[in-house]
Amino acid sequence: MLQGSVDSSGPRFNPLVVVELASDTKEEAIAWLLSRIRDPQQNGGAELLVEQLGPGVGDQEKENPNMFLVGATYQRLLSGAEEVGLFKEYNDGSMRGFTCANKHNFTNFKGDGDGFLSQAECQYIIKHELDTLRAKDETHVPGHTQAKLYPGKSIIRRLQSKGILVQIFPLHEQEELKRLSFSWYKRVKLSLQPLDDIRHYYGEGQALYFGFLEYFTFALVPMALIGVPYYLFDWEDYDKYVVFAVFNLIWCTVILELWKRFSATLAYNWGTLSRKKAFEEPRPGFHGVLGFNPVTGREEPLYPNTKRQLRIYLVSLPFVLLCLYLSLYVMMIYFQMEGWALSVHDEDPTFWTGILLFIPSIIYAVVIEIMNLIYRYAAEFLTEWENHRLESSYQNHLVLKVLVFNFVNCFASLFYIAFAMQDMVLLRQSLATLLITSQILNQFMEAFLPYWLQRRRNKKMIRKMQKRRTLEDKELPLAEQVRLEADMSTYLGTFDDYLELFLLFGYVSLFSCVYPLAAVLVVLNNITEVYSDAFKMCRVFKRPFSDPAANIGVWQLAFEAMSVIAVVTNCALIGMSPQVKAYFPESETQLILWTVAIEHGLLAFKFILSYLIPDVPKHIQIKLARLEFESLEALKKKRQLHGGKCSKPRSSARWSSEEERRACRF
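Residues numbered from 1 in each chain as written. Predicted model: local features only at pLDDT ≥ 70, side-chain atom pairs only at ≥ 80, totals over all residues. Heavy atoms only, no water.

A. Representation of the sheet that holds strand β3 (residues 67-71) in the model. The four strands lie next to each other as β2-β3-β1-β8, forming an open sheet whose pairing is antiparallel. Strands with a single pairing partner mark the edges of an open sheet, and in this sheet they are β2 (49-52) and β8 (165-170). On average, each strand axis in the sheet is inclined to that of its neighbour by 20°, with strand direction left out of account. Bridge count for β2 against β3 is four bridges, and the pairing is antiparallel. Paired with V50 across the strands is V70, a residue of β3. (Pairing = 2+ DSSP bridges. Helix = DSSP H or I, 4+ residues; strand = E, 2+ residues; numbered from the N terminus. Axes fitted to C-alpha atoms, helices over the stretch in contact; angles between N-to-C directions.)

This is how it looks when you write it as structure tokens:
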């Protein structure tokens, strides 16, 4: 861990998290916040260690003095691990919720437990303790009358919403980061990613993203291997895409079902599969009239759901529909440009007019990326304005808005070409151009631009990075490292990364039967994506807090919805093929009916297959069932020690857990 100063009056201080307050924060507010962080838990504090960061070495520029390092004693971290429900490996090899009472029965717990928790887990615990700091009888933040408080209000969230708290981020551990960087991206190798090391350093949410990226890449390999000879030998024979379309139907269903099993295995091994989800607190930006929450028993802002629904259906929905109309309007302009380029080429077919045929598609691909970017900002503004109480609700509405627009914006032209124009040659050309152009733009935007902007934005950071390179293996002083990391860009989560994979999955599963090299291009893109994302995580962004995720969340539903659309699309493409049309030479109605019937049958088969393939492997189901059985047995023994019988709770009370309720049946 990072070594900080040693407090002679207390335990050794290992800084884990940085809290930066605004430079104009009042002294009384700082003193009040630090006292609340240091106060014992029984007095409503977090019982953490905190010190002010000293000045940088040799810095002549003005620096923010209100930067504080937060740490904790190891005993406090262990009690915090129990509070957050952290799962660790038990002596029998199972994953169980950590308790201080049974701490010596957990694998790798030696002595006083030093080293038992990873640094990412320690930082997550500290973040949790800070987030649960609540106001007592204060009416406002001392010295800041505009920052109103009331009993039970989260202090950190109020400071964030009022701009008093600038940022809070976990520190990198330089030696561990060097080892991870070397095994992850600094050397080119034909091997799997170090997912366990990524999880250990960044947490389960980040590791699951890289695990899905790796899984998706390997899942594309069979399609790429089939696509290369298919492309080489049947390049101009578009009538033979039926076989590839049938393969698409099976592929897009099977890989998502197998991913759920692989994801469950990873989540179990990392201790998040059976971990109970923490109770969600209101978002920092949520506002409303102060009222009483019957669930928590605390005062908090309340906002009528009716008002929120009115904002969604009377403002957000019409705005999204307007954006979709503009997207379709731009698409029609693209087709006009395409027609103009084709007419020029037909009048005078030369090498340059042949190149001109690709220009409209390239321009359209660039416009699509620009529109996606602009719409993303508008969607974030609208979703924030809708005033969702919970972060999960905010994310779900944002994902829905962005996915709908991106799907229409990226794929509408391909659907129009395939089913309205029925021009397979133009469909192949448009798909190839859109895919290649979007990949080039994404690599530029994600790999090169962030690092270049980071260097341009802060000359002080450049000097520090150069200093770090000249020092080679020597570590920077703590104050220098903290200020260096404070200037780094903030990692905004995996939203954009999953969105990019979602669109690539759409290009491959929907129309790759007419352009078999699509899978090959996506494989190459994903390989470079692994290295560029790893580089950004280690060199460009601040270290994010660990996210104890058990799966990829709402994105699993998004990919499954895309796979359903892929079934319908590929069935329609098969029905349009000359081989199939030859079986119905006299009746087009019969062809449509048979196509729809087969499509419905395949959808039924898809859902049956998803039902037959368990989401959780059998051996993990057994381990979870055994753990539940042992929990019930332990509760029964506990009841017997306390009198043998358990009385039914009064009407005003409730069982403290489902296990206790079931245990009382025996």
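B. Spatial organisation of helix α21 (residues 618-641). A rise of 1.5 Å per residue sets the reference length of α21, with its 24 residues, at 34 Å; its end C-alpha atoms lie 35 Å apart and thus fit the reference within 8%. Here α21 has its buried residues at I620, L627, L632 and L635. (Expected span 1.5 Å × (residues − 1). Buried < 20%, exposed > 50% of the residue type's maximum accessible area, 1.4 Å probe, protein only.)

C. Looking closely at the side chain of T253. As for its position among the elements, T253 is in helix α8 (residues 241-269). When sequence neighbours within four positions are dropped, the list of residues in contact with T253 reads K606 and L609. (Contact = heavy atoms within 4.5 Å.)

D. Structural detail: the pairing of strand β10 (residues 299-302). Pairing geometry for strand β9 (residues 289-292) and β10, over four bridges, is antiparallel. Of the residues in β10, the one forming a bridge with G291 is E300. In this antiparallel pair of consecutive strands, β9 and β10, the connection spans six residues, and G297 shows a positive phi of 75°.

E. Seen up close, the environment of G97. Along the polypeptide, G97 turns up in strand β5 (residues 95-97). A relative accessible area of 34% means that G97 is categorised as partly exposed. Counting along the chain gives 15 residues from G97 to E82, while the straight-line C-alpha distance between them is 7.4 Å. When sequence neighbours within four positions are dropped, the list of residues in contact with G97 reads L86, F87 and F106.

F. Region of the structure containing the pattern of salt bridges. Scanning the model with the defined rule gives 16 salt bridges in all. Between K127 and D131 there is a salt bridge, with its nearest N and O atoms 2.8 Å apart. Residue K127 and its partner D131 are both found in helix α3 (residues 119-131); the two are separated by four residues, about one turn of the helix. The exposure class of D131 is buried, given its relative accessible area of 18%. We note a salt bridge from D615 to K260, for which the minimum N-O separation is 3.5 Å. Of this pair, D615 sits in the loop between α20 (588-612) and α21 while K260 sits in helix α8; the two residues are 355 residues apart in sequence, bridging distant segments of the chain. Judged by its relative accessible area of 37%, D615 is partly exposed. Here the salt bridges share partners, and the residues they tie into one network are K88, E121, R199 and E204. (Salt bridge = Lys/Arg side-chain N within 4 Å of Asp/Glu carboxyl O.)

G. The arrangement of the packing of helix α7 (residues 204-233) against helix α16 (residues 495-511) in detail. Where α7 meets α16, the axes come as close as 11 Å, and the angle between the chain directions of the two elements is 15°. Accordingly, the angle class assigned to the pair α7 and α16 is roughly parallel. You can see that α7 and α16 cross each other, and the crossing is left-handed. For the pair α7 and α16, contact is made by L208, Y209, F212, L213, F216, L220 and M223 and by D497, Y498, L501, L504, F505 and V508, respectively. Tallied by class, residues from the contact of α7 with α16 come to twelve nonpolar, no polar and one charged. (Parallel < 35°, antiparallel > 145°, perpendicular 65-115°, else oblique. Left-handed = near helix turned anticlockwise from the far one by under 90°. Nonpolar A, V, L, I, M, F, W, Y, C, P; charged D, E, K, R; others polar.)

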